[in-house]
Amino acid sequence: MEDPTEQSLWRPLHQLLERMDSEIGRIYTDRAVQGLKPAYVRELLQLHLKGPMTITELADAIGRTHSALSQKVSAMRAAGLVRTVPGADARSKQVTLTAKSKKLVELLAAEWRATEDALAELEAELPYPMSQVVRDVEEALAKKSFHDRIAEKLR
């Protein structure tokens, strides 16, 4: 059997996003910030702006699953960015910022804005903006889901 993973239309997109995230991460490295990943910024800003939240509330606030957020909160806790305490009932955990992350929120907000500005600048240089690609893909998938497209090919 040939290795089907040798061909991938998505690989360049994944590699591009990883490279861009890595360059955002360099901003933190340049400022000697330890343990912070670009993937944590939205959650940390939400906790700063809205106060302590349960994992479920945080997941809802950013549109992710409880499971995905639970894993991310564990990683952020290990990095010293958040702490968890028992919630109102025994099944929930309240997530709160640590002193370390409270010191970073101004940098995080500034980096978020700078990243958005840099993306707008980049899009202006492109003949077809990335955000338009996303809208076009979403429109096509509204007509026929990705699941249905794959299932059709498997028949």
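For the structure itself, consult the block above.
Residues numbered from 1 in each chain as written. Predicted model: local features only at pLDDT ≥ 70, side-chain atom pairs only at ≥ 80, totals over all residues. Heavy atoms only, no water.

A. Up close: the pattern of salt bridges. Applying the stated criterion across every chain, the model contains three salt bridges. Here Lys72 ties to Glu43 by a salt bridge, and the two come within 2.9 Å at their closest N and O atoms. Of this pair, Lys72 sits in helix α4 (residues 66-78) while Glu43 sits in helix α2 (residues 41-50), and the two are 29 residues apart along the sequence. (Salt bridge = Lys/Arg side-chain N within 4 Å of Asp/Glu carboxyl O. Helix = DSSP H or I, 4+ residues; strand = E, 2+ residues; numbered from the N terminus.)

B. Here's a closer look at the pairing of strand β2 (residues 82-86). Looking at chain direction, β2 and strand β3 (residues 93-97) are connected through five bridges and run antiparallel. The residue of β3 that forms the bridge with Arg83 is Thr96. (Pairing = 2+ DSSP bridges.)

C. Examining the sheet that holds strand β1 (residues 53-54) more closely. Pairing in this open sheet of three strands is antiparallel, and the strands run β1-β3-β2 from one edge to the other. Both edges of this open sheet fall to β1 and β2, since each of them pairs with a single strand only. The strands that α2 touches are β1, β2 and β3; relative to β3, the one it contacts most, it runs at about 95°. (Contact = heavy atoms within 4.5 Å. Axes fitted to C-alpha atoms, helices over the stretch in contact; angles between N-to-C directions.)

Distances and angles like these do not, on their own, reveal function.
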